[in-house]
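Chain residues, written in single-letter form:
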Amino acid sequence: MRTAVLATAVLVLGAVSVSVTTQSRSDAVSGTLTRTFSIVADTEVTGDITCAVADGTPCLSFAASGVELRLNGFTITGKGDPVTGCGGAVTPGEVGITTNGQRTVVVRGPGLIQRFRNHGVQVAGSDGARIEGITVSTNCGSGIFVPATSFNTVVQENTAVRNGSSNPGLSCGGI
Amino acid sequence: MVGHNSRVRLNTAHGNGYSEPPDDFGIGVIGNATGNVIELNLVTGNTNGIYIAAAVGQNIIRNNTAIGNPAIQVGNTRPDLRALDIVNLSPADRTVFDRNKCVTALAAPCPAINP
């Protein structure tokens, strides 16, 4: 009987330990990125990010559903011109953050996403995404763009400044 | 914003968009966007403030403040741009407007602005 109780206690403690480990897991990102950073768990931005990824690729891309990217007041900067955000025509695919078809992901500010040669944040093919509390500025497209492939998005308490493109046929702007 | 069944609320949009061509915006409901609620946003100094394109479905635009779109110099010197606080190009029964504050609009109500 005593052995059985002890075994049960060990199992319970083990389960609690595993649970705590899972809940506290998070990634961190900062510095210069030379390839797209895949967000596979809750992720903290721990310093300013400069995006030097290949032309036409996103800087950060969600690769799991139900996870959150927290900007923590830092800045994510793309390769666009500091005045126009563009540096020529809009560059397809070169966004700051894409939700990449993942469900119920969150981008949470405060924090600044600027100078991407396309949208600052693109909610692409996602259901239930949430973009909250960020600032998007000087992006050559929309600051936050929610295309027709996305549903039930919440875009709340953000600030969009000086986004847009003079390209004919591209109607864009803040949100 | 082309997505569906979304909430865009409590955002501020300032100084967005180019005036050539004048189809940029602070907040845009474009493409075939349907079922969205755009509410409680502050939208100033953009090419157009809130822009609703022709082919959208049913959407609700309520309790927004869209004023000063575009800046007065642009509006006065380039009236041909037809850039306004609210531009509604959708059919009459598609978009619901309720208690927005604006000064200039196309096919959308602009109630008197109280100081």
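Quick caveat, the model's predicted, so the values are computed rather than measured.

Asker: What am I meant to see in the sheet that holds strand β3 (residues 27-29) of chain B here?
Answerer: Sheets are built from strands that pair by backbone hydrogen bonding, the pairs being arranged parallel or antiparallel. Residues and elements named next belong to chain B. Pairing within the open sheet is parallel, and its four strands lie in the order β3-β6-β9-β12. Unpaired on one side and paired on the other, β3 and β12 (105-106) mark the two borders of the sheet. Where β3 lies against strand β6 (residues 50-52), three bridges are found, and the strand directions are parallel. What sits directly across from Gly 28, in β6, is Tyr 51.

Asker: Would you explain the environment of Gly 31 of chain B in this entry?
Answerer: Take Gly 31 of chain B: it is sitting in the loop between β3 and β4 (37-39). Since 18 C-beta atoms lie within 10 Å of it, Gly 31 of chain B is described here as partly exposed. Residues Gly 31 of chain B and Val 56 of chain B lie 25 residues apart in sequence; the distance between their C-alpha atoms is 5.8 Å. Sequence-distant contacts of Gly 31 of chain B, that is, excluding residues within four places in its chain, are made with Ala 148 of chain A together with Val 2, Ala 53 and Ala 55 of chain B.

Asker: Looking at this structure, how should I read unusual backbone geometry?
Answerer: Negative phi characterises most residues that are not glycine, and trans characterises most peptide bonds. Residues and elements named next belong to chain B. With an omega of -5 degrees, the peptide bond between Glu 20 and Pro 21 qualifies as cis. Relative to the elements of secondary structure, Pro 21 occurs in the loop between β2 (12-14) and β3. Cis geometry is found at the peptide bond from Asn 69 to Pro 70, where omega equals -15 degrees. Looking at where Pro 70 falls in the secondary structure, it is placed in the loop between β8 (65-67) and α1 (72-77). A positive phi angle, close to 55 degrees, is found at Arg 99, a residue other than glycine.

Asker: How do you make sense of the confidence of the model for chain B when you look at a structure like this?
Answerer: Low-confidence regions, as indicated by low pLDDT, have predicted coordinates that should not be scrutinised in detail. In the predicted model, chain B carries a mean pLDDT of 92, and 97% of its residues have values of at least 70. At the level of chain-chain contacts, confidence expressed as ipTM amounts to 0.94, with global pTM at 0.89.

Asker: In this structure, what is going on with the interface of chain A and chain B? I would like to understand it.
Answerer: Buried accessible area, meaning the area lost when the parts come together, often serves as the stated size of an interface. Across the boundary between the two partners, chain A contributes 28 residues, which contact 31 residues of chain B. Elements represented by at least two residues in the side of chain A that touches chain B include exactly β14 (154-156) and β15 (159-161) of chain A. By residue class, the composition of the side of chain A that touches chain B is twelve nonpolar, 14 polar and two charged. For β14 of chain A and strand β1 (residues 7-9) of chain B, the ladder comprises three bridges, and the chain directions are parallel. Its bridge partner being in β1 of chain B, Gln 156 of chain A is matched across the sheet by Arg 9 of chain B.

Asker: Would you mind going over the environment of Asp 93 of chain B with me for this structure?
Answerer: Residue and element names in this part refer to chain B. With respect to the helices, strands and loops of the structure, Asp 93 is situated in the loop between β9 (86-88) and β10 (95-98). The class for Asp 93 is exposed, based on 7 C-beta atoms found within 10 Å. Measuring from C-alpha to C-alpha, the distance between Asp 93 and Gln 58 comes to 8.0 Å, with 35 residues separating the pair along the chain.

What counts and how
- Residues numbered from 1 in each chain as written.
- Chains lettered and ligands numbered in written order.
- Predicted model: local features only at pLDDT ≥ 70, side-chain atom pairs only at ≥ 80, totals over all residues.
- Pairing = 2+ DSSP bridges.
- Helix = DSSP H or I, 4+ residues; strand = E, 2+ residues; numbered from the N terminus.
- Buried ≥ 20, exposed ≤ 12 C-beta atoms within 10 Å, placed from the backbone.
- Contact = placed C-beta atoms within 7 Å.
- pLDDT = per-residue confidence, 0-100.
- Nonpolar A, V, L, I, M, F, W, Y, C, P; charged D, E, K, R; others polar.

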